[in-house]
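So you can see what is in the structure, the chains are spelled out below.
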Amino acid sequence: MSPKKCIFGCEGKLNLFALPKEERIRQQWIQYLFSDQRPPKATVYVCSRHFSEDSFVNKAQYDAGFSARLLLKDGALPFIHGDVEESKAAASPVLLPLTRFRNTACQTDPEPKVSVATQFCHYMVSVGTQTSYSPSTRCAATQLSYNTLKQHVRSKATQASVLHCNVGTVTTQSETGIQPGVRPAKRPRLEMMEEEEGEEPEEETELPEASDQYDPICEPYEPDESSSEPPDSREAEATPSHYNDPKYIVFESCLRDLFLTCPVCGLSCEVRRRRMGTFVSFSQLCPSCDYSRKWESQPVAGSTPLGNLQMSAAIYFTGGSFSHVEKVCRAMNLQVFQSDTFRRHARMFLEPAINHKWKRDQQVLMERLRGEGSVAVGGRMRADLLGHCGKLGSYTLMHLSSSSVIDIQLIQSAGVSGSSHVETEALRRGLDLLQVNRLSVDHIVTDRHARVQKYLRKRNVRHYYNIQHLEKGLSRKLKKLAKSKECLLVRRWLPSIRNHVYWSATTSTSAPEKVAKWKSLVNHIQNVHTHDDPLFPTCAHPNRVSMDPSKWFQPDSVALHKLKKLLLNKRILADVGKLSHDHQASTLERFHWLVRRFAPKNVAFPFVGVLCRLYLAAMHFNEDAERHKDRSSEVTVEPQQSEPKPKYVSELMKLLFEDVFKEPSTYVDELKRIPVPDDLRPV
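Because the structure is a prediction, the values reported are computed rather than measured.

Q: Report on the confidence of the model for the protein chain, specifying residues and quantitative values.
A: Detailed reading of the predicted coordinates is not advisable wherever pLDDT is low. Of all residues in the protein chain, 71% attain a pLDDT of 70 or more, and the chain-wide mean is 76. Segment residues 83–239 is flagged for pLDDT under 50; beyond a separation of four residues in sequence, or across chains, it makes 223 contacts in the model. Note that pLDDT drops below 50 for residues 632–637; the model gives that stretch 0 contacts with residues more than four away or on any other chain.

What follows is the structure in structure tokens.
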């Protein structure tokens, strides 16, 4: 296989570029390279010498040694035909014989002080342009290259020409024959190159869109003389894509070393630092040659550093605590903003974004559930206990088939008749919301709350009890009974009684059948397996002869009498008949455990803060439920090594920086429509 070569026969270590894939740009390349001739069938390569300096995205990084190869902008076109040396010789005027110098400092006339005009001429010669002045002014080419105006890495002595200035603007040619803007055969490199930047294939390079800054028919691009910055250095704009950029921890001493020395004259510079939270900027000023530049660690939109805002968003969206993060930062002297800034970010941007995304996701979920007809929902309350008083109470409605949170209502006890009415009021608001969105409820599964049962009976909604709630309450009573001396046998039967609660409910379809199976437990513990109730005449287990008669309860014993009184209690029998035989609300218990991570009870949050953290927990839980649903439907050979990044966090970041941050008033007004009760004040 023959090595790749430039179509014009250029020699040396060059960056080669193939014809672009886009048809329009490809035809323009062919027109400039071959005119009316037919292009060859083989792959055509053009080296970097046939492009202007502003045709590359990373020219400054490449010259400084930070990039392994040059990258072309979209729409860049070659502008030099034929061999570079011939084109350059044709465009160059007749010059006087060149005088060679070799010096590590500037090669200028032995004058006591270099004038500003001479420094400017040095810069123009380095980019390949000779500027004329009056006959009394003599301009000398220096070894100051275009790269020194960028971030300084290392200087090498070069051979430059001493030119006599002529009237007009001409292109210079050095003794070495190296074109301005063309990469030399050897260039300074850093000891540490980029870790992950590999050489991309030359046939296809995907780059961000960039507008052409020159006319391909005209002469090569020349830098603006009025600008003190290099042509390739551009001020970073606060675009929304910055929130996806990688971030690093950098020591201040390492940053300050980059600005201590002037890249033009090599003397010491004045360096000033300005800090705002995680944002830092350095201003460099050389008192000798008046060279100056400014560097900022992150984009700034208006007066808000985007890094500060994103850090606040990352803490809030993931359910973290700013006080904990602040302690970590203080321990390692990592600069961070104050808690007032975090609360201001939350109030102005973060909470409006959370509220908007939850409302949008909620509408999408309800539209999907409307297509399924009547749905089975589960409801449960979570009290916010600060001390011994329930200030806030949240009620969650969940779609039991998909384990997705449909709605969350937050109620303050002062807004209703008392803490005992919080659950009923929250349930009423949740069901009203489902009714407004035309979502029909087939039945609801809740705890055994007497007020909730009465309210649902008035509303004519089928109501079932959660089995886990009854089993836990019954287990506490059985454990208390098993502590007495005459009832030690109850402890041996405790696991079987728990299992019988679930079996009686899940294997029955009607309330009388559930009660009949539950009553059979009293005969079963006496080793009697036939029953008087026709709905369940015999036990479902196979007949076996017991080898341990001591495990059975004896008739007319004190232990049997107390246990029978507990199991056949009128309230217990009524509750067993209303146990849910289809869906269970145990997933609500898992959701409330997740809420403890986002809104712990030992931390006091304002009303809107608690509500937004509940929304975050719901988005996290719904996404996790959908992920588990997808995993169960797919067969994977290799287990997943790491937990996937939460999708809702990425969507919130995108919403924050692309919409909310640009126009927050719309989202803030949407959040203000939520009725917020007055805070409870101690008397």
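And the narrative resumes.
Q: Go over a nonpolar patch on the surface with me, naming the residues and quoting the values.
A: A surface patch of nonpolar side chains, amounting to about 360 Å² of accessible area, comprises Ile-249, Phe-251 and Met-332. Tracing the chain through its elements places Phe-251 in the loop between α4 (116–126) and α5 (252–256).

Q: Tell me about the packing of aromatic side chains, and name the residues and values.
A: Under the criterion given, the structure shown has 16 aromatic pairs. Their ring planes at 75 degrees and their centres at 5.7 Å tell us that Phe-17 and Phe-51 sit as a pair that is edge-to-face. Of the two residues, Phe-17 is situated in strand β1 (residues 16–18) and Phe-51 in the loop between β2 (45–47) and α2 (59–64); the sequence distance between them amounts to 34 residues. You'll find Phe-17 and Phe-51 in the same group, each marked buried. Summarising the aromatic geometry, the rings of Phe-349 and Phe-661 are spaced 5.3 Å apart at their centres and angled 50 degrees between planes, so their arrangement reads as tilted. Here Phe-349 is found in helix α8 (residues 339–370), whereas its partner Phe-661 is found in the loop between α18 (647–660) and α19 (664–672), with 312 residues between them in sequence. Just as Phe-349 is buried, Phe-661 falls in that class too. Among the aromatic residues, those joined into a ring-pair cluster are Phe-17, Trp-29, Phe-51 and Phe-56.

Q: So, the pairing of strand β4 (residues 279–285): which residues are in play, and what are the values?
A: For β4, the tally of buried residues reaches 5 of 7 residues, placing the bulk of the element in the interior. Pairing between strand β3 (residues 270–276) and β4: 7 bridges, direction antiparallel. Residue pairing for β4: Met-276 is matched across the bridge by Phe-279. Linkage of β3 to β4, two consecutive antiparallel strands, is achieved through a turn of 2 residues, within which Gly-277 is found at a positive phi near 70 degrees. Across 5 bridges, β4 lies against strand β5 (residues 292–296) in antiparallel orientation. Bridge assignment links Ser-281 to a residue of β5, and that residue is Glu-296. The antiparallel pairing of β4 with β5 creates a hairpin that spans 6 residues between the two strands, and Asp-290 there sits at a positive phi of about 60 degrees.

Q: Please set out the sheet that holds β4 residue by residue, giving values where relevant.
A: As summarised here, the arrangement of the 3 strands in space is β3-β4-β5, forming an open sheet in which the pairing is antiparallel. The outermost strands of the open sheet, each flanked by one partner alone, are β3 and β5. Across the sheet, the mean angle from the axis of one strand to that of its neighbour is 15 degrees, orientation sign disregarded.

The rules we used
- By convention here, each chain's residues receive numbers from 1 onward along its written sequence.
- With pLDDT at 70 or above as the cut-off, local features in this predicted model cover only qualifying residues; side-chain atom pairs require 80 or more to be listed or tallied, and sums for whole chains, interfaces and linings still use all residues.
- Side-chain descriptors were evaluated using all non-hydrogen atoms of the structure, hydrogens and water having been removed beforehand.
- A score from 0 to 100, pLDDT tells how confident the predictor is in each residue.
- We call two residues in contact whenever any of their non-hydrogen atoms come within 4.5 Å of each other.
- For patches, a residue must show more than 30% relative accessible area and have no salt bridge; joins then use 9 Å for like charges and 5 Å for nonpolar side chains, namely Val, Leu, Ile, Met, Phe, Trp and Tyr.
- Working definition of accessibility: Shrake-Rupley area with a 1.4 Å probe, residue cover restricted to the visible protein chains.
- Any Lys or Arg side-chain nitrogen found within 4 Å of a carboxyl oxygen on Asp or Glu counts as a salt bridge.
- The helix count covers DSSP runs of H or I at least four residues long, the strand count covers runs of E at least two residues long, and both are numbered beginning at the N terminus.
- Within 6.5 Å between ring centres, the rings of Phe, Tyr and Trp (the latter by its six-membered ring) count as paired, and their orientation is classed by plane angle as stacked under 30 degrees, edge-to-face over 60, tilted in between.
- Buried residues are those whose accessible area, probed at 1.4 Å on protein chains only, stays under 20% of the maximum for their type, while exposed residues exceed 50% and partly exposed ones sit between those limits.
- The rule for pairing is simple: two strands pair if DSSP sees at least two bridges between them.
- Note on method: axes are straight lines fitted to C-alpha atoms, helices fitted across the in-contact stretch only, with angles between N-to-C directions ranging 0 to 180 degrees.

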